[in-house]
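Each chain, written out:
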Amino acid sequence: MSGHGKTIILEIDSRLDCVGLVGISIRALCLEHGADEMTAYQIQTSTVEAVNNSIMHAYGNRTGYPVAIRWSLSGEQLTIQVSDRGVAMQQLPPDTAPAPDAESGRGWWIMRQWMDSAEYTANPDWNTVTLRKTLSS
Amino acid sequence: MNSFLHAEPRDQVMLVRIESSRLTADVAHRIFAEVLQTMSGAPALLLDFRSVEFMDSTAIGELVLLGKKLRADGTAYAIAGLKPPLMSLITMMRLDQIMHFGENVDSALEWLNQSLAMGTRNP
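Here is a short report on the structure shown in this document. Here the residue numbering is sequential within each chain, running from 1 through the sequence in written order. Working convention: letters from A go to chains and numbers from 1 go to ligands, in the order in which they are written. In view of the model being predicted, local features appear only for residues whose pLDDT reaches at least 70, and side-chain atom pairs are presented and counted only at 80 or more, with totals across whole chains, interfaces and linings using the full set of residues. Side-chain figures throughout are based on the complete set of non-hydrogen atoms in the structure, without hydrogens or water.

1. Regarding the sheet that holds strand β4 (residues 44-48) of chain B
Residue and element names in this part refer to chain B.
No. 1: Two strands qualify as a pair provided DSSP detects at least 2 bridges between them. Strands here mean DSSP runs of E at least two residues long; helices mean DSSP runs of H or I at least four residues long; both are numbered from the N terminus. Taken together, the five strands give an open sheet; going across it, the order is β1-β2-β4-β6-β7, and neighbouring strands pair in mixed fashion. Looking at strand neighbours, the two that pair on one side only are β1 (5-10) and β7 (101-102), the edges of this open sheet.
No. 2: As defined by bridge partners, β4 adjoins strand β6 (residues 76-80) across five bridges and the pair is classed as parallel. Bridge pairing links Leu46 to Ala78 in β6.

What follows is the structure in structure tokens.
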């Protein structure tokens, strides 16, 4: 942690059984910094969705690869970046509600609904999902 | 019995309580496969979610898949006991349009027994 903001970086192996710990950590950090239970839950869920996507889609469920989670708070502005070195997404899923009986394809919808913004960038080194939300005290 | 579930028959309904606090991508498929194994030909299933604290979209997908299998088999089913944050996720995903979610086991059991008596199965 440094300066006016606070930043914490977590890194896990690309294993789904590690994702729960990321979610618990993110939730605790948000609660500690003024988020209410529902907001913390929504941020936890959105982060877990982004990390799941890295493991399942970017890495194709292969273990042994890094997923980095950067939690950063500046004032009330929370930014969470989830980065991987896997296969980049060619296009974002459509910004439409998935059908109730869909068996997949809900992750980005959840991130878009529960965060103020959810963006994706890809470059030769890292693919990154950036989630932003204002934590009102 | 396995480590994730507790099952007990209630007349025609198999009541299955999920005993994992997390229903997530790493365990959801296995848990719902075990749910199907516990059915033992019962005409109805009531899934008790009261112990579940967190669920991701992969688990929701697996729940949809389970519902499709039960529907294809003509098995009535309902879900009970979701905590408010999880219920908000279910509502946002409009799963309450295709499945019955009871506030608690008793109300969901009553709905299931009425459905069985009337010969109607699922929403």
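2. Observations regarding the interface of chain A and chain B
A common measure of how large an interface is: the accessible area buried when the components associate.
No. 1: Residue-level contacts link 24 residues of chain A with 23 residues of chain B.
No. 2: By definition, the buried area sums, over both parts, the 1.4 Å-probe accessible area that each loses when the two are put together. For the pairing of chain A and chain B, the buried interface totals around 2000 Å² over both sides, and the portion due to carbon and sulfur atoms is 66%.
No. 3: Three residues, A:Tyr41, A:Pro100 and A:Glu103, lead the burial of chain A against chain B; their summed loss comes to 31% of the area buried on that side.
No. 4: Salt bridges are counted wherever a side-chain nitrogen of Lys or Arg sits within 4 Å of a carboxyl oxygen of Asp or Glu. At the junction of chain A and chain B, the tally comes to one salt bridge.
No. 5: With a shortest N-O distance of 2.8 Å, B:Lys68 and A:Glu103 are connected by a salt bridge.
No. 6: Among the elements that take part in the side of chain A that touches chain B, helix α2 (residues 37-58) of chain A stands out by supplying eight residues, more than any other.
No. 7: Ten residue types, Ala, Val, Leu, Ile, Met, Phe, Trp, Tyr, Cys and Pro, are classed as nonpolar, four, Asp, Glu, Lys and Arg, as charged, and the remainder, Gly among them, as polar. In the side of chain A that touches chain B, the residues fall into 13 nonpolar, six polar and five charged. Any two residues having at least one pair of non-hydrogen atoms within 4.5 Å are treated as being in contact.

3. Some thoughts on the sheet that holds strand β3 (residues 77-84) of chain A
All names here are of chain A.
No. 1: Spatially, the five strands line up as an open sheet ordered β1-β2-β3-β5-β4, and their pairing is antiparallel. On the outer flanks of this sheet lie β1 (6-13) and β4 (117-122), each paired with one strand and no other. Geometrically, the sheet is characterised by an average inter-axis angle of 15 degrees between neighbouring strands, direction not taken into account.
No. 2: Two elements, β4 and strand β5 (residues 127-134), share six bridges in a ladder whose sense is antiparallel. Looking at the pairing, Tyr120 lines up with Val129 of β5.
No. 3: Lying over the sheet, helix α1 (residues 19-32) contacts β1, β2 (66-74) and β3, oriented at roughly 5 degrees with respect to β2.
No. 4: Every axis in this analysis is a line fitted to C-alpha atoms, fitted for helices over the stretch in contact. Angles between the N-to-C directions lie between 0 and 180 degrees. On top of the sheet, α2 reaches β1, β2, β3 and β5; it is set at about 15 degrees to β3, its chief contact.

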